[in-house]
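Tertiary structure, described
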Amino acid sequence: MRLKAANKHKGRNNIEWRSHEPSRLETFSDAVFAFAVTLIIVSLEVPKTFNELFETMKGTISFAACFATLFQIWNQQNLFFRRYGLNDGLTVALNGMLLFVVLVYAYPLKFLFGLLFFDNVYTVNGHTHEMISTLQTPTLMLIYGAGITAINLLFFLMYLAAKKQAKELKLTPVEAYETQTIIYLNLTLTLIGVTAMTLALLMPVKYSGFSGFFYMTIGPAYWFWYGYRAKKARKIFGSTLELIS
């Protein structure tokens, strides 16, 4: 699966693949991601009644959102190892921390998306209950923000470590430039997470949930940063170079 995902990017990537076969580290990572998906699965039991089936199916949308988020994290990790093929002690340690955060992050992620799609209620035996109180909202936003921040910070450190090994990896000027672009992007995403957490702390409790809207700046951040770096790259390298995340 890693090879298929990587090959789809290969034809439009400025960084050549330095790893073509999954290592034991990547195989272990795949197992961890698979376990994380298991943790967010809609239901582990077969519904016994139609009401139970209906409640289970209501969770499909939130499961899809959680799955898409985990898949994006997995794909970024996959691209990193395809690009650089690193297996040194620092990379192993950072990757291990990334996997730990993913596992810890699974349940808060599932809860948050469930909260968004279930309108703050869940049903047990025909009775509805509140999922979270207003006073608990800031804590939830801090937990979610901590996960987002940690993941982007770890990717920042992994790409930074790869850049420092540019000579050993024999990175071309274009590859080094795109690696630097990704480093700054992950730093930006980390700062977005920190800012959202700060807003959750500073805003009045009843409005703290709105701090989550700050994550909507991630899309414009991608667009602006890659647009700026691509324009600069064309001036430096004198070509129609396009940067691919």
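Just so you know, these numbers come straight off a predicted model, no measurement behind them.

A separate point is the nonpolar core. Core analysis: the biggest nonpolar cluster contains 52 residues, and Phe80 and Tyr84 have the highest contact counts within it. Those elements that place two or more of their residues in this core are helix H2 (24–39), helix H4 (60–84), helix H5 (89–118), helix H6 (137–164), helix H7 (166–169), helix H8 (173–202) and helix H9 (218–237). A per-element tally of this core places H5 first, with 11 residues. What phenylalanine 80 contacts, discounting residues up to four positions off in sequence, is Gly85, Leu86, Thr91, Met158, Tyr159 and Ala162.

Below, the discussion takes up the confidence of the model for the protein chain. In low-pLDDT regions, the fine details of the predicted coordinates are not to be read closely. Mean pLDDT over the protein chain works out to 86, with 82% of the residues at or above the 70 mark. The weakest mean pLDDT in the protein chain belongs to helix H1 (residues 2–10) at 54; the strongest belongs to H8 at 96.

Okay, the environment of tryptophan 74 next. Looking at where tryptophan 74 falls in the secondary structure, it is placed in helix H4. Spatially, the C-alpha atom of tryptophan 74 lies 8.0 Å from that of aspartate 30, the residues being 44 residues apart in sequence.

On the surface, a cluster of nonpolar side chains totalling about 470 Å² of accessible area is made up of Tyr207, Phe210, Phe213 and Met216. Mapped onto the elements of the fold, tyrosine 207 is located in the loop between H8 and H9. For tyrosine 207, a relative accessible area of 39% corresponds to the partly exposed category.

What characterises a pair of aromatic rings is the spacing of the ring centres plus the angle enclosed by the ring planes. Within this structure, the stated rule accounts for 16 aromatic pairs. Aromatic side chains tyrosine 84 and tyrosine 159 sit 5.7 Å apart centroid to centroid with 85° between the ring planes, which places their arrangement in the edge-to-face category. Within this pair, whereas tyrosine 84 is found in helix H4, its partner tyrosine 159 is found in helix H6, the two being separated by 75 residues in sequence. In this structure tyrosine 159 comes out as buried when scored by relative accessible area, which is 1%. For the pair tyrosine 177 and phenylalanine 237, a centre-to-centre distance of 5.6 Å together with 85° between the ring planes defines the contact as edge-to-face. One end of the pair, tyrosine 177, is in helix H8; the other, phenylalanine 237, is in helix H9, and 60 residues separate them in sequence. Taking relative accessible area as the criterion, phenylalanine 237 reaches 26% and is therefore assigned partly exposed. Chaining the aromatic ring pairs together yields one cluster made of Phe63, Phe67, Phe71 and Trp74. A cation over a ring is seen here: arginine 229 above tyrosine 177, with NZ or CZ 3.9 Å from the ring centre.

Thresholds applied
Residues numbered from 1 in each chain as written. Predicted model: local features only at pLDDT ≥ 70, side-chain atom pairs only at ≥ 80, totals over all residues. Heavy atoms only, no water. Core = buried A, V, L, I, M, F, W, Y, C linked by side-chain atoms within 4.5 Å. Buried < 20%, exposed > 50% of the residue type's maximum accessible area, 1.4 Å probe, protein only. Helix = DSSP H or I, 4+ residues; strand = E, 2+ residues; numbered from the N terminus. Contact = heavy atoms within 4.5 Å. pLDDT = per-residue confidence, 0-100. Patch = residues over 30% accessible without salt bridge, like charges linked within 9 Å, V, L, I, M, F, W, Y side chains within 5 Å. Areas by Shrake-Rupley, 256 points an atom, 1.4 Å probe, with all protein chains shown as cover. Salt bridge = Lys/Arg side-chain N within 4 Å of Asp/Glu carboxyl O. Phe/Tyr/Trp six-rings, centres within 6.5 Å; stacked < 30°, edge-to-face > 60°. Lys NZ or Arg CZ within 6 Å of the ring centre and 35° of its normal.

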